[in-house]
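# Survey of secondary and tertiary structure
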Amino acid sequence: AGASDGPSFDACVADLGTRAAAEGIQEPIWRKAVARTAPVPRVLELDRSQPEFTTPFGRYFGLRVSPGRIETGRQKFKDRRALLQRVYQESGVPGHYLVAFWGLETNFGSYLGKMPLLGSLATLACDPRRAEFFASQWLDAVRLLERGDLTFDRLESSWAGALGHVQFMPSVYLRYAEDGDGDGRVDLFGSVDDAMVSAGAFLQGLGWVRGERWGREVSLPEGFDYGVAGRQKRRSLAAWGELGVRQSDGAPLPVADLDAALLV
């Protein structure tokens, strides 16, 4: 049954409440959350047509990485230099990557999402495609309400339930969000300091290696064998250089004791 079917949706949400109770969430909190959870059919349409999976890369890149967004990002980087340097010291993640994520996710905080968090998550939890993932996100959103990070009067998110300046899913918010400005609370909506510190902690938790960059754009020679490309086919930078791979401006690859994979 689809998530927007009345009786089946209600039964599904009741099951989420039962799970919340079994997992020890306070009864007044989970009961209020269940009462505030209504279906959002539009979410299923958006889930089936995510631009990251339906738009050719060139078009996606052109729409998302505009000259105006780049210029704004450079200014934000200058404005927040001290904060970003602190995050780098703590997490090892260079600030320009964090600003880039911030720009891509919410256009530097100018659009944080307008969808109802609990209803969006439950709609996806009650749809078979990724039911268990979104059920766990709904439960973690209720835990955030219980912990006080979220309040019932401010429960807006992206269509998929991502929250705040850097669009953390509830499970990520629960695990990695930090108080970056020292005011005694975690607020990924109202505090850029909290958002940047938390983003650094998240990427560090995912395995970011201090001193390494995420990657670089390269140019390939005529007649290149694309069979050597792929995430699992790692070689040293020197070996890639021997195959004719160069930096995008034509300069040789840097001399460094690093392995890399080629993504085309």
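The shown structure was predicted, so the numbers you read here are calculated from the model rather than taken from an experiment.

This part is about unusual backbone geometry. One can expect most non-glycine residues to show negative phi and most peptide bonds to be in trans. Its identity as a non-glycine residue notwithstanding, Asn107 has a phi of 50 degrees, on the positive side. Mapped onto the elements, Asn107 comes out in the loop between α8 (95-106) and β1 (115-116). Using a relative accessible area of 34% as the deciding quantity, one classes Asn107 as partly exposed. The phi dihedral of Phe108 is positive, around 60 degrees, even though this residue is not glycine.

What follows concerns the nonpolar core. Counting 61 residues, the largest nonpolar core has Leu98, Leu118, Trp138, Val142, Leu150, Tyr173 and Met196 as the members making the most contacts within it. Ranked by the residues each element gives to this core, the list is headed by helix α10 (residues 131-147), at eight residues. Leaving out residues up to four positions away in the same chain, Tyr173 has contacts with Leu144, Arg147, Asp149, Leu150, Leu163, Phe168, Val186, Asp187, Leu188 and Phe189. Among the nonpolar cores identified, the runner-up in size contains seven residues, and Val228, Ala229, Val245 and Leu262 belong to it.

Where charged atoms of side chains with opposite charge meet at close range, the side chains can pair. Counting across every chain of the model gives 17 salt bridges. A salt bridge links Arg31 to Glu27, with the nearest nitrogen and oxygen atoms 2.5 Å apart. Within this pair, Arg31 and its partner Glu27 are both found in helix α2 (residues 27-35), separated by four residues, close to a single helical turn. For Glu27, a relative accessible area of 43% translates into the label partly exposed. A cluster of three or more residues bridged by salt bridges with shared partners is formed by Arg19, Glu23, Glu132, Asp140 and Arg143.

A separate point is the environment of Asp257. Turning to its location among the elements, Asp257 is positioned in the loop between β5 (246-247) and β6 (259-260). Asp257 gets classed as exposed once you look at its relative accessible area, which sits at 82%. Spatially, the C-alpha atom of Asp257 lies 7.3 Å from that of Leu237, the residues being 20 residues apart in sequence.

This brings us to the state of the cysteines. Summed over all chains, the structure comprises one disulfide. Cys12 shares a disulfide with Cys126; S-S distance 2.0 Å. The S-S bond linking Cys12 to Cys126 shows a torsion near -90 degrees; that makes this disulfide left-handed. With a gap of 114 residues between them, Cys12 in helix α1 (residues 6-22) and Cys126 in the loop between α9 (117-125) and α10 connect regions that are remote in the sequence. With respect to class, Cys12 is no different from Cys126; both count as buried.

Applying the stated rule across the entire model yields seven aromatic pairs. The interplanar angle of 85 degrees and the centroid separation of 4.9 Å between the aromatic rings of Phe133 and Phe134 together place this pair among those described as edge-to-face. When its relative accessible area of 2% is taken as the criterion, Phe134 is described as buried. Both rings, one in Phe168 and one in Phe202, keep their centres 5.4 Å apart while their planes meet at 70 degrees; by these two values the pair is edge-to-face. Note that Phe168 is positioned in the loop between β2 (156-157) and α11 (170-176) and Phe202 in helix α12 (residues 192-205), a separation of 34 residues in sequence. One aromatic cluster is present, built from ring pairs that chain together Phe168, Tyr176 and Phe202. Between the NZ or CZ atom of Arg210 and the centre of the ring of Tyr88, over which it lies, the distance is 5.8 Å.

Looking now at the side chain of Ser120. In this fold, Ser120 is placed in helix α9. Residues in contact with Ser120, not counting those within four places in the same chain, are Val40, Val43, Met115, Ser158 and Trp159.

The rules behind each value
For every chain, the first residue of the written sequence is number 1, and numbering continues from 1 along that sequence. For this predicted model, a pLDDT threshold of at least 70 governs which residues receive local features, and a threshold of 80 or more governs which side-chain atom pairs are given and counted, while totals over whole chains, interfaces and linings are taken from all residues. The basis for every side-chain value is the complete set of non-hydrogen atoms in the structure, without hydrogens or water. By definition, any uninterrupted DSSP run of H or I lasting at least four residues is a helix, any uninterrupted run of E lasting at least two residues is a strand, and each is numbered from the N terminus. Only protein chains enter the area calculation, which uses a 1.4 Å probe; residues under 20% of their type maximum are buried, those over 50% are exposed, and those in between are partly exposed. In this text, buried Ala, Val, Leu, Ile, Met, Phe, Trp, Tyr and Cys residues form a nonpolar core when linked through side-chain atoms within 4.5 Å. Whether two residues are in contact is decided by their heavy atoms, any of which lying within 4.5 Å being enough. The salt bridge definition used is simple: a Lys or Arg side-chain nitrogen within 4 Å of an Asp or Glu carboxyl oxygen. In plain terms, two cysteine sulfur atoms within 2.5 Å form what is called a disulfide here. Aromatic rings from Phe, Tyr and Trp, with only the six-membered ring used for Trp, were paired whenever their centres fell within 6.5 Å, and each pair was classed as stacked if the ring planes differed by under 30 degrees, edge-to-face if by over 60, and tilted otherwise. For a ring to carry a charge above it, either NZ of a lysine or CZ of an arginine must fall within 6 Å of the ring centroid while also lying within 35 degrees of the normal to the ring plane.

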